[in-house]
Each structure stands twice: as structure tokens, then as C-alpha cells.
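Here is how the chains run, residue by residue.
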Amino acid sequence: MLEVIALVKLLALVGYAFLLLALLRSSVAASLKLYFALYLLGLGFWQLSALFITLTQNPGVALRWYNLQSSA
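Figured I'd write up the structure that's included with this text. Treat the numbers as computed from the prediction; the structure is a model and nothing was measured. Per chain, residue numbering runs from 1 following the sequence as it is written. Predicted model: local features are reported for residues with pLDDT of at least 70 only, side-chain atom pairs are reported and counted for 80 or more only, and whole-chain, interface and lining totals are derived from all residues. To get the side-chain values, take all heavy atoms of the structure and skip hydrogens and water.

1. Observations concerning the side chain of Ser-49
Step number 1: In this text, helices come from DSSP runs of H or I with a minimum length of four residues, and strands from runs of E with a minimum of two, each type numbered from the N-terminal end. By the element assignment, Ser-49 lies in helix H2 (residues 30-55).
Step number 2: Relative accessibility thresholds used throughout: buried, under 20% of the residue-type maximum; exposed, over 50%; partly exposed, between the two (1.4 Å probe, protein chains only). The class of Ser-49 is buried, set by a relative accessible area of 0%.
Step number 3: In this analysis, two residues are considered to be in contact whenever any of their non-hydrogen atoms come within 4.5 Å of each other. Among all residues touching Ser-49, those that are not within four sequence positions of it are Trp-65 and Gln-69.

This is how it looks when you write it as C-alpha cells:
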């Protein structure tokens, strides 16, 4: 079950990266592109930290990632 959860989080992270690449290639206004890119980077950081929390075996490391995630 843990592998399925980690796979879903990884797929979401890949999706955010794909959206960021599509955004960089688009012809949207620069200010809108900047705001949406910042939003996607925030989502990517959140998803990456959630993936690390899921995959880590050490509770201290998981707590550190959780604190980073909730302070962002």
C-alpha cells in the first residue's frame, strides 16, 4: 500500500514538472507566467516533501521534512 501512495505522489510531481515545462513554452503574458510558475513550484515542493515523508524510515528525518512542509 505504501508503494502505491508513493507512486501517486511521484506521478503528481511529474505532472507538476510537465505543467511547468508547458508553461515555459507557452505564449502567456510574462506576469501571469511568473505567478503560475511560482504556484507550480510551491506545489512541487509540497509534493516532493510529502514523497520524502512517505518514503523515509527514520522518524527524525520525516519530522524534519514535515516541519519544512508545514512552514512553507
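On we go.
2. So, the environment of Gln-69
Step number 1: Assignment of secondary structure puts Gln-69 in helix H3 (residues 59-71).
Step number 2: For Gln-69 and Leu-48, which are 21 residues apart along the polypeptide, the C-alpha to C-alpha distance reads 9.2 Å.

3. A closer look at H3
Step number 1: Counted at 1.5 Å a residue, the expected span for H3 with its 13 residues is 18 Å, and the 18 Å between its end C-alpha atoms agrees.
Step number 2: With a side-chain oxygen lying 3.0 Å from the backbone nitrogen of Gly-60, the N-terminal cap of H3 falls on Asn-58. The span expected for a helix works out to 1.5 Å for each residue beyond the first. Contacts described as polar in this section are N or O atom pairs within 3.5 Å, which, within protein, must combine one atom able to donate a hydrogen with one able to accept it, while residues neighboring in sequence count only if both atoms come from side chains.

4. Overview of the environment of Ala-12
Step number 1: Take Ala-12: it is sitting in helix H1 (residues 2-25).
Step number 2: Given the relative accessible area of 25%, Ala-12 is considered partly exposed.
Step number 3: Between the C-alpha atoms of Ala-12 and Ala-29, which are 17 residues apart in sequence, the distance is 26 Å.

Bear in mind that shape data such as this cannot, by itself, settle questions of function.
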